[in-house]
Amino acid sequence: GNSGDNLQPLDSALSDEERFKEVTSLTLKCPGCDQKFPFGGIVASKYYQMTFSGLQCARCNHQFSPIQLSSQFESDIRMHISRYYTGYLKCDDSTCGVVTRQISVFGKRCLNEDCMGVMGYCYTDKQLYNQLHYFASLFNVDKNKRELLKPLYRPDDPEAAEKKIPTSQVLALGEQNRELFQTMESVVQKYLSNCARSFVDMGSIFDFMNPE
Ligand SMILES: [Zn+2]
Ligand SMILES: [Zn+2]
């Protein structure tokens with residue numbers, strides 16, 4: 001095993017829907033009314049709309065300032081990164097279920113003396129990397145304009161908006177929000193390049209953790 005393998009370019013043959021199947025949504029909180037909602041780019045939502053001057057809460061019409069958006073985005077990113085660095089490990093034997101942080105003491109053998117299982121990361125570098133790429137995709141102008149983003153809801157989900165935004169409007173909104181989206185993308189890109197470096201370091205330090 002070598003964690004460098006996980007850093008290959010993402011498979012472009014996959015749609016975002018498949019590639020980001022396991023990711024967690026980006027959750028924002030309206031500074032005006034405290035409503036929490038998932039943000040899925042320039043898509044129809046009952047909770048928010050993209051306007052020509054940025055993100056607006058559908059409940060109270062509060063207009064997010066760029067700083068309100070980027071600081072919430074950054075704290076969501078940090079939450080995922082700290083989840084990774086907390087380094088919880090779990091036993092791969094489904095009948096055992098041991099979870100621990102004590103990797104340096106016990107190595108890759110399960111802590112349960114009678115168990116033949118192997119300990120592995122609960123939240124892998126690949127999952128974190130995928131999560132950050134998903135966050136980046138939400139603010140990718142081109143992806144938004146081509147309507148290639150992972151949908152927030154399944155079509156039969158009662159939370160789903162009744163009708164989609166007309167394509168001509170998506171295109172116009174993409175252009176109008178280009179500067180904002182590029183700023184947001186650069187927030188996540190900074191973490192992605194830091195992570196790529198750390199994963200390589202972590203991979204060599206913890207190589208003994210990876211089952212052959
Ligand atoms: Zn609101
Ligand atoms: Zn075990």
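Our subject in this report is the structure included herewith. (Residues numbered from 1 in each chain as written. Chains lettered and ligands numbered in written order. Predicted model: local features only at pLDDT ≥ 70, side-chain atom pairs only at ≥ 80, totals over all residues. Heavy atoms only, no water.)

### A look at the coordination of the zinc ion (ligand 2)
This is how it is decided: For Na, K and Ca the donor cut-off is 3.2 Å; for every other metal, N, O and S atoms count as donors within 2.8 Å. Water does not enter the count, which can leave sites looking incomplete. Only two sets of limits are used to name each site, 85 to 135 degrees for every angle of a tetrahedral four-donor site, and over 155 degrees for opposite donors with all other angles from 65 to 115 for a square planar four-donor or octahedral six-donor site, with any other site named irregular. Each residue is assigned to one of three classes by its accessible area relative to the maximum for its type, calculated with a 1.4 Å probe on protein chains only: buried under 20%, partly exposed between the two thresholds, exposed over 50%.
The protein atoms donating to the zinc ion (ligand 2) are Cys91 (SG), Cys96 (SG), Cys110 (SG) and Cys115 (SG), with metal-donor distances spanning 2.3 to 2.4 Å. Between the 4 donor atoms coordinating the zinc ion (ligand 2), the angles at the centre fall across 104 to 112°, so the site counts as tetrahedral. In the primary structure, the donors to the zinc ion (ligand 2) are separated according to the pattern C-x4-C-x13-C-x4-C. Of the residues examined, Cys91 reaches a relative accessible area of 6% and is grouped as buried. Take Cys96: its relative accessible area is 22%, and that puts it in the partly exposed class.

### With respect to the coordination of the zinc ion (ligand 1)
Applied cut-off: Numbering goes from the N terminus for both helices and strands, where a helix is a DSSP run of H or I of at least four residues and a strand is a run of E of at least two.
Within the protein, the zinc ion (ligand 1) binds to Cys30 (SG), Cys33 (SG), Cys57 (SG) and Cys60 (SG); these donor distances fall in the range 2.3 Å. On the primary sequence, the residues serving as donors to the zinc ion (ligand 1) are separated as C-x2-C-x23-C-x2-C. Of the two residues, Cys33 sits in the loop between β1 (26-29) and β2 (36-39) while Cys60 sits in the loop between β4 (54-57) and α2 (66-85), which places them 27 residues apart along the sequence. Residue classification places Cys60 among the partly exposed residues on the basis of a relative accessible area of 32%.

### Thoughts on the sheet that holds strand β6 (residues 99-100)
Put simply, the rule is: When DSSP finds at least two bridges between two strands, those strands are taken to pair.
Here we have 3 strands laid out as an open sheet, ordered β6-β5-β7, and antiparallel in their pairing. Unpaired on one side and paired on the other, β6 and β7 (119-121) mark the two borders of the sheet. Here 2 bridges tie strand β5 (residues 89-91) to β6, and the two strands are oriented antiparallel to one another. Looking across to β6, one finds that Lys90 is bridged to Val99.

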